[in-house]
Amino acid sequence: MWYTLGKFILKYRLQMLLLLTVVTAFMGWKASQVQLSYDFTRALPTDNQKYQEYQQFLRTFGADANTVVVGIQTDKMYDPAFFNQVSDLHQRLKKVKAVTGVLSVPEAVGLVNDTAEGKLIPTRLFHPPYSNAAELDSARQIFESLPFYQTLLYNPDTKSYLLGISVNKDTMNSKGRTRLMNDILAELSVFEKATGTELYVSGLPYIRTIVGNKIKAEMNWFLIGSLALSVVTLFLFFWSFSTTLMSLIVVGMGVIWSLGTLVLFGYKITLLTALIPPLVVVIGIPNCIYFLNKYHTVYLETKNKEEALVTMVGRMGVVTLFCNIAAAIGFAVFALTKSDLLKEFGVVAGINIMALFFVSLLFIPAVLSYLPPPAAKHVRYLENKWLQRLLVSIERWAFQHAGWVYGVTAIALIVAVAGIFRIKSEGFIVDDLPRSNKIYTDLKWFEKNFGGVMPLEIIVDTKKRKNVMRMKTIQKMDELSEYIEQNPETARPLSFVEGLKFVRQAYFDGDSSSYAIPTETDLAFIGPYLQTSASAHDTAGAKGVAGLLNNFIDSNRQMARISVNMKDIGSARLPVLLDEFQQKANQIFDTTAYRVTFTGSSVSFVEGSGFIIRGLKESIMWAFLLISLCMLYLFRSFRILICSLIPNLVPLVITAGVMGWVGIALKPSTVLVFSVALGIAIDVTIRFLVNFKQELSYHDHSVSATLVQTIRHTGISILYTSLVLIAGFIIFCWSDFGGTKALGWLTSLTLVVGTLTNLVLLPVLILSIAPGGKKK
């Protein structure tokens, strides 16, 4: 069948190339329409409780992670010239497109009790520009007498000050977010140059934008660099521009098709689907090498180009088919999960790995048929003396040192298993960044001076309309807030209760000792003032106070929101902390009358990371099961199945052990290494075993003679493939991101181990199960 197919491809080679050109042109047109996704919650399935709670919060109160914070640490804040510069910065930031509001010291407001009118009149505390230090000091004293602003806009102990910049959530979910961040940073740069003062910038919108853009830029450069290194390595092996260019075109078509598939399915590029182009390179390069290696080998024997091409398709077609099926299964199983993020990755990766098989099968023989026969220098690699000596050594170990092979493998596995028990499953928002990176150092500055910037939202549902403003509810919310504030990992919580304290202080003529929750009597008098204060929220400066009373309570006055900024404590510590808070909330609130839930971007991040890790683990197990069935069908032997799985398990176990010993945590960026490694290792195994099965009949079913032939011929392709792929992956070690760096060197390590297990351990296993197999 495959030999007939080879003749068919050569007969209709022009039509095949035209077909591939048309399809690639169409996919290229579709690929030009691909868009980036800026939705960070899609890792969770829609029926997940945490996802539903977060969506309910967004519907009720709007976005939580839409503030960029800017920090200033100086003892010159109340120097008139410096204060005026801060005020000017505030005004310039307000004019930036998609900035919806700015909160800072120069624009802080107070409330003045107008007893005659029965109103609390919002009044700006500062009136810049200042030329008189005494006037500024007078306003400063009033400002610092308001406990509401302490730790919110300034930290008196460290002389640190904060500007909060609210940004449009729709802009942050579009490509316009880069323009927005650049405009904000440009204004901050003007301030830094004018004052000589360093500013600290953080907040989830800022971190996500800058990190996302940096990853995108890195991945583009590393993809180009990876391809360039692979191309150089290919050329050094084959010494042929035409075959190197042909291999590059094959993977190039695969990349174009994968991007086009995203658009056809209505998907966008996510952090996961962005990895599909490098995966296409990983699968496509071996396809090219194995086809070329078989073509060159047969041509050397027959000196007939057409016969060599037909034999290439006949012998390598079925091998490549099952290799791509196994690799496609390894990634397509992600489509079985409930996560949209993983589903999209699985569907697109699975389809395009199989598409890559057809591209390789049709394109390579058709192009080679137009090229002249390989010259002597093109096939010189087949007689590389260094590789020949290496393969002879491998052959010797397989036949003469089986005990050593088993012993070394056993010791390596024991050490690796010990390392696996040391692996931690933990991730941080910025843990992939180097500790010297400004994003990381600025985040730590905010954690030290203001308690952190990671948003945690607490929803108190009273289960009855207009029940939020009851005295009992206010007292319980204040008790929970005080408990959370005492925790060193969180900042001071903010809720409408803080607004009531602020209003009470204003009602009692600004006396700082009156900053406390109102009594029942106080509420009776303050109630009318709250109505007028809220209705005046559009007047100068009042928005901050009215926002606490309106934006922190739902329209039915049934639910209230407590917003907490916290440190980036990691996915391991956060669930423990939330459990502590939940237990305290259950003690404070009667669970029959109240429902207290913890949500927000921080909770979604932890839940999403955990779900992705669990999904990847389950997918790897499903992949092993389905690949095992595929191998059983291919070889029809349970013993061969066991032999094929062991060389693939060993590299994964050793890689996991190394992660444990060197302290690399289990997180989405590192778990993916195992999926990539499995796809590569199983590819090598299938090619070795199918070639062994094909050669068996040519050597009178002598296992020993067939193994020698397989090691010496297929071994060359395996070594070349591994070297090319290592060259492609090793470049990721120069990344600034820990996850990308780990992907590079861990995958390279797995490639090395997988090559050794398939060339050394696999023959030993075959010899062990084959009757009389050890007789060479």
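Not measured: the values here are computed from a predicted model.

A. Here's a closer look at the packing of aromatic side chains. Applying the stated criterion across every chain yields a total of 33 aromatic pairs. Each residue in the set Tyr78, Phe83, Phe126, Tyr130, Phe143, Phe148, Tyr149, Tyr154, Tyr161 and Phe502 is aromatic and connected to the rest through ring pairs, giving one cluster. Above the plane of the ring of Phe552 lies Arg561, whose end atom (NZ or CZ) is 5.0 Å from the centre.

B. Highlighting empty space enclosed by the protein. Tallied over the full model, the rule gives six cavities of 30 Å³ or more. Of the voids in this model, the largest cavity is the one considered here, and its volume is about 110 Å³. Lining the largest cavity we find Tyr290, Asn293, Lys294, Thr297, Met316, Val319, Arg687, Asn691, Gln694, His713, Thr714 and Ser717. Of all elements in the fold, only helix H10 (276–302), helix H11 (305–332), helix H23 (668–696) and helix H24 (703–730) reach the threshold of two or more residues within the lining of the largest cavity. Here the lining of the largest cavity takes four residues from H10, the largest share from any one element. Volume-wise, the second largest cavity comes out at about 90 Å³. In terms of lining residues, the second largest cavity is bounded by Leu223, Ser226, Ser230, Pro278, Val281, Val282, Val724, Leu725, Gly728, Phe729 and Phe732. For the lining of the second largest cavity, the element with the most residues is H24, which contributes four residues.

C. Highlighting the packing of helix H13 (residues 385–400) against helix H25 (residues 738–769). At a minimum axis separation of 9 Å, H13 and H25 run at an interaxial angle of 35°. Helix-helix and strand crossings are classified by hand; for H13 and H25 the assignment is right-handed. Residue-level inspection shows Ile394, Trp397, Ala398 and Phe399 of H13 in contact with H25, the latter providing Leu759, Val760, Pro763, Val764 and Leu767. Taken together, the residues of the contact of H13 with H25 break down into nine nonpolar, no polar and no charged.

D. A look at the environment of Thr490. Relative to the helices and strands, Thr490 is located in the loop between helix H16 (471–485) and helix H17 (496–507). Residue classification places Thr490 among the buried positions, given a relative accessible area of 6%. Sequence-wise, Thr490 and Gly451 are 39 residues apart; in three dimensions their C-alpha atoms are separated by 5.4 Å. Residues in contact with Thr490, not counting those within four places in the same chain, are Gly451, Ile484, Glu485, Val564, Asn565, Met566, Leu577 and Phe581. Within the structure, the side chain of Thr490 is placed 2.6 Å from the backbone oxygen of Ile484, a separation counted as a polar contact.

E. Quick look at the side chain of Ser514. The residue Ser514 is located in the loop between H17 and helix H18 (520–535) in this model. Every residue in contact with Ser514, bar those within four places of it in the chain, is listed here: Lys501, Arg504, Gln505 and Phe508.

F. Structural view of helix H14 (residues 402–420). The first and last C-alpha atoms of H14 sit 27 Å apart over 19 residues, in line with the 27 Å expected at 1.5 Å per residue. Among the residues of H14, Ala402, Val405, Thr409, Ala416 and Gly419 are the ones counted as buried. Down the axis, H14 shows its buried residues gathered within 115° of arc, on one side only. In H14, the exposed residues that point more than 90 degrees away from the buried face are Gly403, Trp404, Ile411 and Ile414. Turning to H14, the residues buried within the fold contact H13, helix H22 (638–662) and H25.

G. Quick peek at the confidence of the model for the chain. Scored by pLDDT, the chain comes out at a mean of 85, with 95% of its residues at no less than 70. Here helix H19 (residues 543–550) stands out as the element of the chain with the lowest mean pLDDT, 54, in contrast to strand E7 (residues 199–202), whose mean of 96 is the highest. Across residues 532–545, where pLDDT falls below 50, the model places 22 contacts with residues more than four positions away in sequence or in other chains.

H. Local environment of unusual backbone geometry. Pro129 follows Pro128 through a cis peptide bond whose omega is 5°. With respect to the secondary-structure elements, Pro129 resides in the loop between strand E4 (119–124) and helix H5 (133–144). Not every positive phi belongs to a glycine, and Thr151 is a case in point at roughly 70°. Mapped onto the fold, Thr151 is located in the loop between H5 and strand E5 (154–155). Note on Thr151: relative accessible area 39%, which makes it partly exposed.

About the thresholds
Residues numbered from 1 in each chain as written. Predicted model: local features only at pLDDT ≥ 70, side-chain atom pairs only at ≥ 80, totals over all residues. Heavy atoms only, no water. Phe/Tyr/Trp six-rings, centres within 6.5 Å; stacked < 30°, edge-to-face > 60°. Lys NZ or Arg CZ within 6 Å of the ring centre and 35° of its normal. 1 Å grid on protein atoms, 1.4 Å probe; cavity = no way out; pocket = protein on both sides within 12 Å on 5 of 7 lines; lining within 4 Å. Points joined across faces, edges and corners; volume = space filled by probe spheres on them. Helix = DSSP H or I, 4+ residues; strand = E, 2+ residues; numbered from the N terminus. Axes fitted to C-alpha atoms, helices over the stretch in contact; angles between N-to-C directions. Left-handed = near helix turned anticlockwise from the far one by under 90°. Contact = heavy atoms within 4.5 Å. Nonpolar A, V, L, I, M, F, W, Y, C, P; charged D, E, K, R; others polar. Buried < 20%, exposed > 50% of the residue type's maximum accessible area, 1.4 Å probe, protein only. Polar contact = N/O pair within 3.5 Å; in protein donor to acceptor, adjacent residues only side chain to side chain. Expected span 1.5 Å × (residues − 1). Arc of directions from axis to C-beta. pLDDT = per-residue confidence, 0-100.

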